[in-house]
Amino acid sequence: MSWAYQLTDGWLCEHLGEAAPSPDDKPKKKWKDFQPKGTPPMYSRDRVVDVRHIKLDVKLDVKAKSVAGVARLTVCPIADGVTSLELDAVDLEIAKVECDGRAVEFENTGLKLAVKFAKPLEPGYDATLAVTYKATPHRGLYFVAPDRFNPKKHREVWSQGQDEDNRHWFPCFDYPCEKATSELVATVPGSWFCLSNGKMLARKKNKDGTATFHWLQDVPHVSYLITLCAGEYDEVADEWDGIPVNYYVPPGRKADGARAFGRTPEMVKFYSELIGVRYPYAKYAQITDADFIFGGMENTSATTQTERTLHDARAHLDFSSEPLVSHELVHSWFGNLLTCRDWSHAWLNESFATYFDNLWYRHARGEDEFRYEQYGDMRAYLNEDASSYRRPIMTNVYRAPIDLFDRHLYQKGGCVLNMLRNILGDRLFFKAIKLYTERHREQTVVTQDLLEAFEDATGRNFDWLFEQWIFKGGHPEFEVACAWDAKAGIASLTVKQLQTPDELTSIFRLPLKVRFVGKGYDETKPFELSEGTHVFHISLADRPKWIAFDPANSIPKTLELKFDEDQLAAQLKEDDDAMGRVYAAQALGKKGSNAAVEALGDALLKDKFCGVQAECAAALAKIGTEPALEKVSSAAKVKHPKARRAVARALGEWRGEQAARALLPLARRDASYFVEAEAATALGKTRVARAWSEVARATNKSSYLECIRGSAFAGLVELDPAKALPVLERFTKVGQPEHARIAALDLIGRAAREANDEKAKARVRRTLEQVLLADGFFLDRFAAMRGLRDLRDPGAVGVLMRFKDSALNQRLARRAEDTAAALREAGGAPPELRALREELDKLKKESEKLKETLEKVEAGGKGKKARR
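Residues numbered from 1 in each chain as written. Predicted model: local features only at pLDDT ≥ 70, side-chain atom pairs only at ≥ 80, totals over all residues. Heavy atoms only, no water.

J.: Residues and numbers for the overall build of the protein, please.
T.: Regarding its fold elements, the protein presents 27 helices and 30 strands. The globule rule puts the C-alpha radius of gyration for 868 residues at 29 Å, and the 29 Å found for the protein is close to it. Overall, the C-alpha framework of the protein stretches about 90 × 85 × 65 Å when taken along its three principal axes. Counting every position in the protein, which comprises 868 residues, the buried fraction comes to 60%. Contacts in the protein between residues at least 24 apart in sequence constitute 69% of all its contacts with a sequence separation of at least 6. The positive charge centre, built from 128 side chains, and the negative charge centre, built from 127, are 4 Å apart in the protein. (Helix = DSSP H or I, 4+ residues; strand = E, 2+ residues; numbered from the N terminus. Rg over C-alpha atoms; globule rule 2.2 N^0.38 Å. Buried < 20%, exposed > 50% of the residue type's maximum accessible area, 1.4 Å probe, protein only. Contact = heavy atoms within 4.5 Å. Lys, Arg positive; Asp, Glu negative; His and termini not counted. Charge placed at Lys NZ, Arg CZ, Asp CG, Glu CD.)

J.: Mind laying out the side chain of Thr39, listing which residues take part and the relevant values?
T.: Within the secondary structure layout, Thr39 lies in the loop between α1 (11-14) and β1 (49-61). Side-chain polar atoms of Thr39 contact the backbone oxygen of Pro36, separated by 2.6 Å. Setting aside chain neighbours within four positions, we find Thr39 in contact with Val397, Tyr398 and Arg399. (Polar contact = N/O pair within 3.5 Å; in protein donor to acceptor, adjacent residues only side chain to side chain.)

J.: Please give an account of the sheet that holds strand β3 (residues 84-88) that cites residues and values.
T.: Strand order in the open sheet formed by three strands is β3-β7-β6, with antiparallel pairing between adjacent strands. A strand with exactly one partner marks an edge of an open sheet, and here the two such strands are β3 and β6 (105-108). For this sheet, the mean angle separating the axes of adjacent strands, direction not counted, is 15 degrees. Bridge analysis of β6 against strand β7 (residues 112-116) gives four bridges, and the strand direction is antiparallel. From the neighbouring strand, Glu105 faces β7, where its bridge partner is Lys116. (Pairing = 2+ DSSP bridges. Axes fitted to C-alpha atoms, helices over the stretch in contact; angles between N-to-C directions.)

J.: With reference to specific residues and values, describe helix α4 (residues 322-330).
T.: When you tally the buried positions in α4, you get nine out of nine residues, the bulk of the element. Buried within α4 we find Glu322, Pro323, Leu324, Val325, Ser326, His327, Glu328, Leu329 and Val330.

J.: Lay out the pairing of strand β24 (residues 477-485) with the relevant residues and their values.
T.: A regular strand carries its side chains on alternate faces of the sheet. Here four bridges tie β24 to strand β30 (residues 558-561), and the two strands are oriented parallel to one another. Note that in β30 the partner of Glu477 across the bridge is Thr558. In terms of strand pairing, β24 meets strand β25 (residues 490-497) through eight bridges, oriented antiparallel. What sits directly across from Trp484, in β25, is Ala491. Adjacent in sequence and paired antiparallel, β24 and β25 are bridged by four residues, among which Gly489 carries a positive phi angle near 70 degrees.

J.: Describe the pairing of strand β8 (residues 127-135), and please don't skip the residues or the numbers.
T.: Alignment of strand β2 (residues 66-77) against β8, held across nine bridges, turns out to be antiparallel. Bridging from a neighbouring strand, Ala68 pairs with Lys134 of β8. Across seven bridges, strand β4 (residues 92-99) lies against β8 in antiparallel orientation. Directly across from Cys99, in β8, lies its bridge partner Leu129.

J.: Talk me through the confidence of the model for the protein; I want residue IDs and the actual numbers.
T.: Looking at the protein, pLDDT values average 93 and 92% of them are 70 or higher. Long-range and interchain partners of residues 4-30, a stretch whose pLDDT sits below 50, account for 88 contacts in this model, where long-range means more than four residues apart. (pLDDT = per-residue confidence, 0-100.)

J.: Would you mind going over the packing of aromatic side chains in detail, with residue names and values included?
T.: One pass over the structure, following the stated rule, counts 42 aromatic pairs. For the pair Tyr279 and Trp333, a centre-to-centre distance of 5.9 Å together with 75 degrees between the ring planes defines the contact as edge-to-face. Of the two residues, Tyr279 sits in the loop between α3 (264-275) and β19 (284-289) while Trp333 sits in the loop between α4 and β22 (338-340), which places them 54 residues apart along the sequence. The pair formed by Tyr279 and Trp333 is uniform in burial state, with each residue classed as buried. The lysine or arginine in question, Lys153, covers the ring of Phe777, its NZ or CZ lying 5.7 Å from the ring centre. It is Arg391 that lies over the ring of Phe34; its NZ or CZ is 4.9 Å from the centre. (Phe/Tyr/Trp six-rings, centres within 6.5 Å; stacked < 30°, edge-to-face > 60°. Lys NZ or Arg CZ within 6 Å of the ring centre and 35° of its normal.)

J.: Tell me about the environment of Pro244, and please be specific about residues and values.
T.: Summarising the element assignment, Pro244 is placed in strand β18 (residues 243-249). Look at Pro244 and you get partly exposed, because its relative accessible area is 35%. Counting along the chain gives 38 residues from Pro244 to Ala282, while the straight-line C-alpha distance between them is 7.7 Å. Among residues more than four places away in sequence, those in contact with Pro244 are Asp238, Glu239, Ala282, Lys283 and Tyr284.

J.: Mind laying out the sheet that holds strand β15 (residues 229-231), listing which residues take part and the relevant values?
T.: Taken in spatial order, the four strands line up as β9-β10-β15-β12 in an open sheet, and their pairing is antiparallel. Strands with a single pairing partner mark the edges of an open sheet, and in this sheet they are β9 (141-144) and β12 (193-195). Taking each pair of neighbouring strands and ignoring which way they run, the sheet shows an average axis angle of 10 degrees. In terms of strand pairing, β9 meets strand β10 (residues 156-159) through four bridges, oriented antiparallel. Looking across to β10, one finds that Leu141 is bridged to Ser159.

J.: Could you give an account of a negative patch on the surface, with specific residues and numbers?
T.: Taken together, the side chains of Glu452, Glu455, Asp463 and Glu467 make up a negatively charged region of the molecular surface. Secondary structure elements with two or more residues in the negative patch: α9 (447-458) and α10 (463-469). On the secondary structure map, Glu455 appears in helix α9. (Patch = residues over 30% accessible without salt bridge, like charges linked within 9 Å, V, L, I, M, F, W, Y side chains within 5 Å. Areas by Shrake-Rupley, 256 points an atom, 1.4 Å probe, with all protein chains shown as cover. Salt bridge = Lys/Arg side-chain N within 4 Å of Asp/Glu carboxyl O.)

J.: Describe in detail the pattern of salt bridges, supporting the description with residues and values.
T.: Throughout the structure, instances matching the rule amount to 70 salt bridges. Linking Arg47 and Glu178 is a salt bridge whose minimum nitrogen-to-oxygen distance equals 3.1 Å. Linking Arg47 in the loop between α1 and β1 with Glu178 in the loop between β10 and β11 (179-189), this pair joins segments that are 131 residues apart in sequence. In this structure Arg47 comes out as partly exposed when scored by relative accessible area, which is 31%. Between Lys525 and Glu523 there is a salt bridge, with its nearest N and O atoms 2.9 Å apart. Salt bridges sharing partners connect three or more residues here, namely Arg45, Asp88, Lys112, Glu164, Arg167 and Asp174.

J.: Let's hear about unusual backbone geometry: which residues, and what values?
T.: In terms of backbone geometry, most residues other than glycine have negative phi values and most peptide bonds are trans. In this model, Gln162 is joined to Asp163 through a cis peptide bond whose omega is 10 degrees. Residue placement: Asp163 occurs in the loop between β10 and β11. The phi torsion at Arg792 lies on the positive side, around 60 degrees, for a residue other than glycine.

Put into structure tokens, the structure is as follows:
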């Protein structure tokens with residue numbers, strides 16, 4: 001399963017439901033518990049029977065938004081004396097239940113279906129339950145249709161089972177510790193296509209004008225992977241080595257489908273060879289769905305992708321669906337063929353998919369792209385760790401499974417896998433991965449299974465590494481300096497781990513490499529870290545010209561380089577590893593000297609990799625001087641669109657006419673949607689008077705996911721929040737382009753607060769609350785909660801908690817809870833005032849303690865006098 005922030009980057013992530021870390025983000029320490037204190041641990045469910053096969057024979061009533069039919073579950077007893085069986089069945093209308101053709105008693109609680117057998121099931125023999133039922137589901141199965149506000153919306157029906165939502169449209173054992181083969185026989189409107197798992201056995205037209213599709217999945221999988229997607233679709237047919245690889249897109253979007261999914265056959269080949277296990281299913285299909293609530297979902301052999309990943313040629317200049325496509329495909333092995341036994345081990349699904357989709361980048365785009373993509377994942381995790389909470393990757397303390405699907409589970413776990421690969425080397429790492437996959441194919445797995453595979457394949461014990469990185473939390477916070485003793489010819493490298501060790505976070509034991517480059521030498525030295533501070537003495541022929549700490553950037557970490565300025569400038573210019581140049585650029589940005597500006601400006605124009613150029617632009621913006629502005633302005637026409645986007649973002653850090661002049665051409669027209677979008681926001685941030693008309697014009701531009709219009713809204717808020725409010729209010733109305741509305745909802749709270757108009761704030765609060773309670777689509781509601789958070793009106797807490805208690809989606813419920821908590825904590829005050837209040841409270845407590853101590857001292861003195 002892919003989150004929205006894995007679908008796109010930057011502005012787009014923010015408007016697909018999850019905030020993405022900016023390259024310029026400086027995380028703020030604001031710790032909170034991952035889960036409320038006292039949350040009990042969760043354990044894998046017991047199984048009294050082995051579910052062997054699930055066959056669903058259903059008919060869709062599209063108008064009534066309901067499904068009806070028979071679910072047949074073939075089961076074999078595991079326990080002795082099985083006289084009853086409990087299945088998950090939420091809000092299903094159960095007409096009857098039969099066991100091997102005979103009616104049996106049952107109880108339907110609305111959450112569970114309890115079946116009572118006339119006599120105990122016979123051990124070792126299969127029994128088939130047939131449940132006749134009907135459902136009008138609010139989760140699990142979704143009916144999408146056009147309406148008066150969205151008359152062109154694609155009519156379709158699609159399911160989404162992960163984590164435990166398929167129970168809302170058919171009875172099942174809805175937990176990942178159980179695997180079974182499956183069939184779907186689905187009757188749908190006659191002009192529709194229906195996709196499900198496995199191989200299509202039959203497709204027929206019925207006399208009543210409907211059509212029936214029969215699919216068989218003959219490799220066991222867990223119930224949340226069973227899928228039904230139906231609607232009118234165009235097919236783009238492809239194949240790999242005799243296996244059909246097809247894509248299904250809305251009518252008229254074949255070209256966009258080929259653009260988004262066209263490299264899939266190459267990916268199937270790549271992963272089959274990399275993992276060492278051939279793609280294991282009868283086909284691989286991808287189908288797009290409107291209003292899909294995730295980026296993608298890896299239903300076995302039939303992946304669901306958000307329709308938002310379809311894009312035109314202009315967007316394709318600097319946007320690709322490949323990370324999403326590869327992520328979901330990797331789940332065919334890690335998540336589907338092997339599945340976490342319970343949700344506490346879900347990193348075995350998601351970290352693998354996250355890391356292996358980056359390995360596709362390595363294959364398709366080279367080492368620099370791969371390492372920078374990994375760095376983006378590391379930043380995403382670090383941002384969550386610093387601004388929200390810290391937790392072990394593997395934990396069974398959670399309230400709902402969806403709580404675990406965060407940046408620790410996806411990105412941090414992927415970074416740990418990358419570190420393991422760098423420790424072992426490719427041969428041993430992939431040897432262990434192949435052993436793990438072959439040993440546990442078609443099974444459920446726990447973390448210990450992976451650990452044992454690594455030990456068996458490599459002969460190395462990694463208990464210590466898993467203890468630090470998987471079963472505990474945190475990461476090393478490095479500070480690195482190097483002193484040169486010219487007389488002795490010794491470089492003294494000081495490596496400090498600045499994190500505070502506690503029961504959750506270690507002083508890390510780590511293998512480390514450091515590269516020293518100087519006159520006549522280029523040496524990479526291995527070291528072992530185990531203490532808070534190490535000083536390593538290295539004999540070298542001459543003072544190092546530059547030093548690369550952790551050259552492959554394999555360790556998840558924060559890094560403060562205290563090297564000399566000339567060494568950093570030399571590394572920025574000469575290091576053949578892009579990540580070395582990235583860290584050098586960031587360190588030079590903290591120096592702020594004229595020499596640093598010159599080095600950064602030169603690299604911004606000349607570096608061969610757009611990621612390094614982007615970091616140079618950000619570093620110059622942090623320096624913020626006039627010479628730095630000159631350097632960034634001169635790079636406005638840099639070739640790569642991602643680098644131009646970073647230049648536009650950096651120019652927005654300066655106020656005044658010079659930055660505006662450099663931004664105007666980018667805001668008016670660029671080959672890239674995203675450069676225009678970034679420039680519109682940045683132009684607003686310059687605060688120049690003529691920017692309003694330019695940015696306002698951008699609100700009339702249509703673009704991929706409305707990125708230009710949405711960024712123009714942000715530019716208007718930067719310029720004049722009060723003047724921007726009517727524009728935003730118009731676009732918050734139902735019927736506006738979907739992503740324009742999302743952007744307006746996102747920004748309107750901040751605009752109303754900064755306009756400092758009490759009537760406007762009350763009006764905006766009502767608008768946002770209405771979206772939450774009545775007329776909001778899934779992503780609209782996320783945006784509305786961001787709007788309420790930025791409005792900072794604690795009066796919204798009541799509505800947020802009402803919404804939290806009624807929300808059917810756990811992600812929305814958690815976001816409502818978090819937003820309400822933030823409003824309570826802030827009390828409607830801006831962060832700086834809250835910080836002052838917290839400091840005052842701290843001083844008061846210290847004063848009270850001091851007063852109490854003095855009183856005790858005085859009381860003790862009086863007692864002594866009395867005893868005398």
